[in-house]
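Summary of structural features
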Amino acid sequence: MEDLSPEIQKKIKDLSRPPYLELERVKHCHAWLTELLISRMTGLLVGESRCGKTVTCKAFTKQYNELKKTQGQRFKPVVHIQIPKACGSRDFFIKILKALNKPTNGTISDLRERTLDSLEIHQVEMLIIDEANHLKYETFSDVRHIYDENGLGIAVLLVGTTSRLHAIVKRDEQVLNRFLEQYELDRLDESQFKQIVQIWERDVLNLPVASNLATGENLKLLKQGTQKLIGRLDMLLRKAAIRSLLRGHQNLDKDVLKEVITATKW
Amino acid sequence: MAKTLKETKLWLTRVEPLEGESISHFLGRFRRAKGNKFSTPCGLGQVSGLGAVLARWEKFYFNPFPTFEELEALANVVEVDVNRLREMLPLAGVGMKHKPIRLCGACYAEEPYHLIAWQFKTTAGCDRHQLRLLSKCPICEKPFPIPALWIEGRCLRCLTFFAEMVDRQKAY
Ligand SMILES: [Zn+2]
Ligand SMILES: [Zn+2]
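Residues numbered from 1 in each chain as written. Chains lettered and ligands numbered in written order. Predicted model: local features only at pLDDT ≥ 70, side-chain atom pairs only at ≥ 80, totals over all residues. Heavy atoms only, no water.

For the rest of this paragraph, the subject is the packing of helix 11 (residues 230–246) of chain A against helix 12 (residues 254–263) of chain A. When two helices pack together, you describe them by how their axes are tilted relative to each other and by the distance separating the axes. Residues and elements named next belong to chain A. Where helix 11 meets helix 12, the axes come as close as 9 Å, and the angle between the chain directions of the two elements is 130°. Here helix 11 lies oblique to helix 12, going by the angle between them. By crossing handedness, the relation of helix 11 to helix 12 is classed as right-handed. Residues Leu236, Leu237, Lys239, Ala240, Arg243 and Ser244 of helix 11 pack against Val256, Leu257, Glu259, Val260 and Ile261 of helix 12. Taken together, the residues that form the contact of helix 11 with helix 12 break down as seven nonpolar, one polar and three charged. (Axes fitted to C-alpha atoms, helices over the stretch in contact; angles between N-to-C directions. Helix = DSSP H or I, 4+ residues; strand = E, 2+ residues; numbered from the N terminus. Parallel < 35°, antiparallel > 145°, perpendicular 65-115°, else oblique. Left-handed = near helix turned anticlockwise from the far one by under 90°. Contact = heavy atoms within 4.5 Å. Nonpolar A, V, L, I, M, F, W, Y, C, P; charged D, E, K, R; others polar.)

Overall, the coordinates contain zero disulfides over all chains when judged by the stated rule. Note on Cys51 of chain A: no disulfide assigned, nearest cysteine sulfur contributed by Cys29 of chain A at a separation of 9.2 Å. (Disulfide = S-S within 2.5 Å.)

Bringing the sheet that holds strand 1 (residues 42–47) of chain A into the picture now. Either a parallel or an antiparallel arrangement is found when strands of a sheet pair, and the pairing is made through backbone hydrogen bonds. Residues and elements named next belong to chain A. Overall, parallel pairing links the five strands, which are arranged 2-3-4-1-5 in an open sheet. Strands with a single pairing partner mark the edges of an open sheet, and in this sheet they are strand 2 (78–82) and strand 5 (181–185). Mean inter-strand twist for the sheet, computed between neighbouring axes without regard to direction, equals 15°. Direction of pairing for strand 3 (residues 126–130) relative to strand 4 (residues 155–161): parallel, over a ladder of four bridges. Counterpart to Leu127 in the pairing with strand 4 is Val156. This element, helix 4 (residues 89–99), spans strand 2 and strand 3 of the sheet and lies at about 135° to strand 2. Packed onto the sheet, helix 7 (residues 162–171) meets strand 1, strand 4 and strand 5 and runs at close to 125° relative to strand 4. (Pairing = 2+ DSSP bridges.)

For the rest of this paragraph, the subject is the coordination of the zinc ion (ligand 2). Residue and element names in this part refer to chain B. Every protein donor of the zinc ion (ligand 2) is listed here as Cys137 (SG), Cys140 (SG), Cys155 (SG) and Cys158 (SG), and their distances to the metal cover 2.2 to 2.3 Å. Because the angles between the four donor atoms bound to the zinc ion (ligand 2) fall within 102 to 116°, the donor set is best described as tetrahedral. Spacing between the donor residues of the zinc ion (ligand 2) along their common chain follows C-x2-C-x14-C-x2-C. (Donors = N, O, S within 2.8 Å, 3.2 Å for Na, K, Ca; no water. Tetrahedral: all angles 85-135°; square planar, octahedral: opposite > 155°, others 65-115°.)

We now examine the interface of chain B and chain A. If you look at the interface, chain B gives 18 residues, while chain A gives 18 residues. Summed over both partners, the interface of chain B with chain A buries about 1700 Å², with 48% contributed by carbon and sulfur atoms. When residues of chain B are sorted by the area they lose upon contact with chain A, Trp11, Lys34 and Lys37 of chain B head the list and together hold 46% of the total. Taken together, chain B and chain A are joined by three salt bridges. One salt bridge in this structure joins Lys37 of chain B and Glu113 of chain A, with 3.7 Å as the shortest N-O distance. When the residues that make up the side of chain B that touches chain A are grouped by side-chain class, the tally is five nonpolar, seven polar and six charged. (Buried area = accessible area lost by both parts, 1.4 Å probe. Salt bridge = Lys/Arg side-chain N within 4 Å of Asp/Glu carboxyl O.)

Below, the structure written as structure tokens:
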């Protein structure tokens, strides 16, 4: 790192963090999320793995909470949690309590009561349950409890990979009947993909010399390597850009890109 | 900076201490407050780093006497000043009964909480009402539970309300 210029070092540092871009598809999804929140409804957000669901939810959470931020007050309008594998009730409550800066010890009934009370006290308007397909079957009764609780009036969003989430929701008729609204984050089509590669090159990578990623062999390589999934694209490009810079290139080098694609197992 | 520090603290619900309230009664109210919910004193003990000490305080066992550091640790989580917490404990040099739990029904009828002064050895009666304190339920003779557990304000066996017990208190 030492022999690189400070500008390049800073560039590498910036590239190590996931970017946030106001893409049309993200804006569209955020509009749907806002509507869900305002109407205090329940919904499903589905899409293939690595299509950008989590990034989209995190960005929405951050933006909405910033917007509603009142100084010194312990408000958290949107709570986004990521569900670990085989998640039971205890872990589910602990995730919410952590997000609300609450103690996470005690009996399961302590945790349940503390969670429901805290959702109200800290004025939570929407709970986003990411990787909801990892919830154990029994834990869905706790999810139901949250949106059935009179007076809470919380919007609940389940997020997950399309097929897995559908399978989970269908198991429980009670859940199925309540999660009718669905939004699907699609795989990108040809022109969207090309456009996003261009945006990424210009706004995220922004390297000293053009890499022409959205043309010819580069574009083909990227299409194959990412299967047009935005999350994969982001990871590949940032990784390849960092490696190129470390090797002293002024742009994203095609050979490095090939190398990264070959080495990446999804 | 101070603000950031404060905001990284746990978001517990603050409970306002009452005039002359005993620590046991205060801790019970704090643990049950909406959004706090610790069904046992160990839960709050864990969060404050005080461990089993809190369970002892709820029973008025103050031997060894609470140190400043311990009170500070508690003050941090309940967000009540250390000096204010100190007022919920017996005064220096005042002998303290941890058993039986005592009560003036007339006081309780006015303000439903347990006063630390009722547990002083020197206290024989209620000066305000000129009544002797009760040391057990005057109806069924069951001892009173520790104040941390005073939720409904009544005897757990015969269900008589503490406030109604004033009729059985003798003059002093
Ligand atoms: Zn009295
Ligand atoms: Zn009784």
